[in-house]
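A closer look at the structure
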Amino acid sequence: MAKILGGIATSHIPAIGVAMDKGLEQTPYWKNFFDAYPPVREWLYEQEPDIAVIFYNDHGLEFFHDRKPTFAIGAAAQYENADEGWGIAEIPPVRGETELSWHIVNQLVEHEFDITVCQEMKVDHGLTVPLTLMWPGHKYGHIRVIPIAINCERHPMPKPSRCFDFGKAIGDAIRAYSSDQKVVVFGTGGLSHQLDGQRAGFINKPFDLYCMDKIVNEPEALTKFTNFDLVEQAGSQGVELNMWLAMRGALQGKLTELHRSYHLPISNTGAGLQLLATSDAV
Amino acid sequence: MSQVGHIPGNIMFDGPMATKGYPLNKMCYSFNNANGRKAFLANEDDYCERFGLSLEQKQAVKKRDVIAMLEAGGSIYYLAKFAGILGLNVQDVGGLQTGMTTDEFKAFLVQQGEK
Ligand SMILES: [Fe+2]
């Protein structure tokens, strides 16, 4: 059976990608943020995952409002990045993994998550920035990626509890997949930020730290929030916590928190990084 | 969503707002494409007309009034693409919405880590 080695939660702010394009990692603004990543990269290097399942949200590259799925999964051999309009460099195509994708789709539908399946799908910074952070220099060619998009842009959005259950159904599907492949699950985005309105610039550090505390062993404390609560506590884009909850839902059993860091502000955001290993990690 | 109240300074981008903002957001979605950006810059009025923006939306676009664009149904994810054309980043846009200069807005962001 396939194994889930652990989950990684990371911010996916476009400015991070731009900073990497420009080689600004060691400048004063960015240094502390980027210095948090090597331990997580080393863990990935040691664990040698075959597949990365990445929960992200599409900020208007693949899905416009004309047809916007609540939950969508890619089932393609390859995913392309493309121009998002404001100048983040495009990254080379990402390898897909169709067999496990279809297995997950079958299991999801069996468990009443009637998901949108994309056999072609452009992936935006929500997915590409985490990939670039984990494997700088576009060295992600060895890993096969399954993109899973959650609507975080237009209300109504799936509830935090539903996102957690969705992640759990995906975790169960992976663990039931007859293969000896190793999988790592990513929750991307967040933490607190608000880009729009007179409330722009709102960040809630105590709330972010609370979320990073609770997500380890007590995610129920977070799944009881409504999306309205998240907007209130974490800003209009703070609903991206839902991707962290989906990642956490996919993990099972005793978890070891191998890394946690938090930096504020990165762009307009409280930026978190967390690594939770399962007992299947070597 | 269990909408229990209003959050000051926040507009929930929900179904009715998405309906209202559809032409504006669709135009901004077209800015993913370099040709769309070029066409807008070549003739703004014509480009807004092509997407059927409402009068309110056209005026907000003309004035570069971000709050008015949000009130007219703009989604920040699409307005960010418009801001990109103007060479503005999210701190510039934050300043424009809060009445701060970009530097004041950046300082405000930093302050929130000191609480
Ligand atoms: Fe995001």
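Here's what I pulled together on the structure shown here. Since we're looking at a predicted model, the values are computed, not measured.

Attention now moves to the coordination of the iron ion. When a metal holds four donors in a tetrahedron, each ideal angle between them is 109.5 degrees; when it holds six in an octahedron, the ideal angles are 90 or 180 degrees. Protein coordination at the iron ion: the donors are His12(A) (NE2), His59(A) (NE2) and Glu240(A) (OE), at 2.0 to 2.1 Å from the metal. Residue His59(A) is classed as buried on the basis of its relative accessible area, which comes to 7%.

Let us now look at the layout of surface pockets. Put simply, the largest pocket is a space of about 1000 Å³. As for the largest pocket, its lining consists of 47 residues, of which Pro14(A), Ala15(A), Ser267(A), Asn89(B) and Val90(B) are closest to the centre. A per-element tally of the lining of the largest pocket places helix 6 (residues 76-85) of chain B first, with eight residues. Per-class residue counts for the lining of the largest pocket are 26 nonpolar, 16 polar and five charged. If you add up the space inside the second largest pocket, you get close to 150 Å³. Lining of the second largest pocket is provided by Arg41(A), Leu44(A), Tyr45(A), Glu48(A), Pro49(A), Met134(A), Trp135(A), Pro136(A) and His142(A). With three residues, helix 3 (residues 38-47) of chain A is the single largest residue contributor to the lining of the second largest pocket. Here the residues of the lining of the second largest pocket are counted per class, giving six nonpolar, one polar and two charged.

Enumeration over the complete set of coordinates arrives at zero disulfides over all chains. The closest cysteine sulfur to the non-disulfide-bonded Cys152(A) is located on Cys163(A), 6.8 Å from its own sulfur.

With that out of the way, let us pick up the interface of chain A and chain B. Between chain A and chain B, the contact holds 38 residues from the first and 44 residues from the second. Surface buried jointly by chain A and chain B totals about 3600 Å² across both partners, of which 59% is contributed by carbon and sulfur atoms. Summed over the three residues of chain A that lose the most area to chain B, namely Phe64(A), His155(A) and Phe228(A), the buried surface amounts to 20% of that side. Our count for the chain A to chain B interface comes out at one salt bridge. Of the charged contacts, one joins Arg37(B) and Asp83(A) as a salt bridge, the two residues approaching to 2.8 Å between their closest N and O atoms. At the junction of chain A with chain B, the criterion picks out 20 residue pairs in polar contact (both at pLDDT 80 or more). Listed by contribution, the elements that provide at least two residues to the side of chain A that touches chain B are helix 9 (227-234) and strand 9 (256-266) of chain A. By residue number, the principal contributor to the side of chain A that touches chain B is helix 9 of chain A, which donates four residues. A class-by-class count of the residues in the side of chain A that touches chain B yields 13 nonpolar, 15 polar and ten charged.

Analysis parameters
- Residues numbered from 1 in each chain as written.
- Chains lettered and ligands numbered in written order.
- Predicted model: local features only at pLDDT ≥ 70, side-chain atom pairs only at ≥ 80, totals over all residues.
- Heavy atoms only, no water.
- Donors = N, O, S within 2.8 Å, 3.2 Å for Na, K, Ca; no water.
- Buried < 20%, exposed > 50% of the residue type's maximum accessible area, 1.4 Å probe, protein only.
- 1 Å grid on protein atoms, 1.4 Å probe; cavity = no way out; pocket = protein on both sides within 12 Å on 5 of 7 lines; lining within 4 Å.
- Points joined across faces, edges and corners; volume = space filled by probe spheres on them.
- Helix = DSSP H or I, 4+ residues; strand = E, 2+ residues; numbered from the N terminus.
- Nonpolar A, V, L, I, M, F, W, Y, C, P; charged D, E, K, R; others polar.
- Disulfide = S-S within 2.5 Å.
- Contact = heavy atoms within 4.5 Å.
- Buried area = accessible area lost by both parts, 1.4 Å probe.
- Salt bridge = Lys/Arg side-chain N within 4 Å of Asp/Glu carboxyl O.
- Polar contact = N/O pair within 3.5 Å; in protein donor to acceptor, adjacent residues only side chain to side chain.

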